Amino acid sequence: MQSTLVMIKPNGVLNGIIGNIISRYERSRLTLSAIKIKRPTEEEVRGFYAEHQEKPFFPKLLKFMTSGPVAFMVLSGENAITSARTINGATSPEDAAPGTIRYDFAPDTTRNVVHSSDSPESAEREIDFWFNDNELISYPAISFKC
Ligand code: CMP
């Protein structure tokens, strides 16, 4: 069992596609261990995306990520990190495969609708960044066989 940090960025929340996005993860047998919605501060976004601070796209990313509410979640399941990234699609929507979230919804690379952790080390840091241990819960995988 593995966990990953997923964010639905402000354009996903404001356009009312949280349910559409979460159902894609659930269909891939990922379960929600935690979820919350809040508007991140500039300081939080700078800390979270510290590795990108010097990149030319950072000012646009910072402005976008602080422009509205973000849905933060921890998804858990077999190969959660790779599964979530496959469902998301490539970072840039032009490179994203048909059927992925970014192919379906992202207008450009900055506003690419979702983020998910890219390695177990990032997942640990990113989950810890937004959640306390007592906000996380694990439970059996989805079977859909009711
Ligand atoms: P995300 O998966 O959240 O990780 C870092 C984010 O920076 C990325 O999605 C994009 O939103 C943004 N990003 C990465 N590369 C670029 C780029 N070349 N141009 C604009 N934004 C980018």
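Residues numbered from 1 in each chain as written. Predicted model: local features only at pLDDT ≥ 70, side-chain atom pairs only at ≥ 80, totals over all residues. Heavy atoms only, no water.

Quick word on the site of the ligand
Here's step 1: Taken together, the residues surrounding the ligand are Lys9, Tyr49, His52, Phe57, Leu61, Thr91, Arg102, Thr109, Thr110, Asn112 and His115.
Here's step 2: Here an oxygen atom of the ligand sits 3.1 Å away from a polar atom, N or O, in the main chain of threonine 109.
Here's step 3: Side-chain polar atom of histidine 115 to an oxygen atom of the ligand: 2.9 Å apart, as the coordinates give it.
Here's step 4: In isolation the ligand offers 460 Å² of accessible surface; the protein chains occlude 77% of this area.
Here's step 5: Cavity membership is defined here by more than half of the atoms lying within 2 Å of grid points; on that basis the ligand lies in the largest pocket.
Here's step 6: Its residues assigned to classes, the shell around the ligand comprises 3 nonpolar, 6 polar and 2 charged. (Near = heavy atom within 4 Å. Polar contact = N/O pair within 3.5 Å; in protein donor to acceptor, adjacent residues only side chain to side chain. Areas by Shrake-Rupley, 256 points an atom, 1.4 Å probe, with all protein chains shown as cover. 1 Å grid on protein atoms, 1.4 Å probe; cavity = no way out; pocket = protein on both sides within 12 Å on 5 of 7 lines; lining within 4 Å. Sits in = over half its atoms within 2 Å of the grid points. Nonpolar A, V, L, I, M, F, W, Y, C, P; charged D, E, K, R; others polar.)

Here's the deal with the nonpolar core
Here's step 1: If you look at the biggest cluster of nonpolar residues, it comprises 19 residues, and the most contacted ones within it are Ile8, Ile21, Tyr25 and Met73.
Here's step 2: Grouped together as the second largest cluster of nonpolar side chains are 17 residues, Leu5, Phe64, Ile127 and Trp130 included. (Core = buried A, V, L, I, M, F, W, Y, C linked by side-chain atoms within 4.5 Å. Buried < 20%, exposed > 50% of the residue type's maximum accessible area, 1.4 Å probe, protein only.)

Some points on the packing of aromatic side chains
Here's step 1: What the rule picks out here adds up to 5 aromatic pairs.
Here's step 2: On the numbers, 5.0 Å between centres and 75° between planes, the contact of phenylalanine 48 with tyrosine 49 is edge-to-face.
Here's step 3: For phenylalanine 48, a relative accessible area of 2% corresponds to the buried category.
Here's step 4: In this structure tyrosine 49 comes out as buried when scored by relative accessible area, which is 6%.
Here's step 5: Both rings, one in phenylalanine 48 and one in phenylalanine 129, keep their centres 5.7 Å apart while their planes meet at 70°; by these two values the pair is edge-to-face. In this pair, phenylalanine 48 is assigned in helix H3 (residues 42-48) and phenylalanine 129 in helix H7 (residues 120-130), connecting sequence segments 81 residues apart. (Phe/Tyr/Trp six-rings, centres within 6.5 Å; stacked < 30°, edge-to-face > 60°. Helix = DSSP H or I, 4+ residues; strand = E, 2+ residues; numbered from the N terminus.)

With respect to the pattern of salt bridges
Here's step 1: The full count for this structure, using the stated rule, is 5 salt bridges.
Here's step 2: Among the ionic pairs, lysine 36 bridges to glutamate 135, the shortest N-O distance being 3.4 Å. Residue lysine 36 is located in strand E2 (residues 31-38), and its partner glutamate 135 is located in the segment after H7; the two are separated by 99 residues in the primary sequence.
Here's step 3: With a relative accessible area of 33%, glutamate 135 lands in the partly exposed category.
Here's step 4: Ionic pairing is found between arginine 111 and aspartate 108, a salt bridge with its closest N-O pair at 2.5 Å.
Here's step 5: Taking the relative accessible area as the measure of exposure, arginine 111 reaches 36% and is therefore partly exposed. (Salt bridge = Lys/Arg side-chain N within 4 Å of Asp/Glu carboxyl O.)

Shape descriptors only; they carry no functional weight alone.
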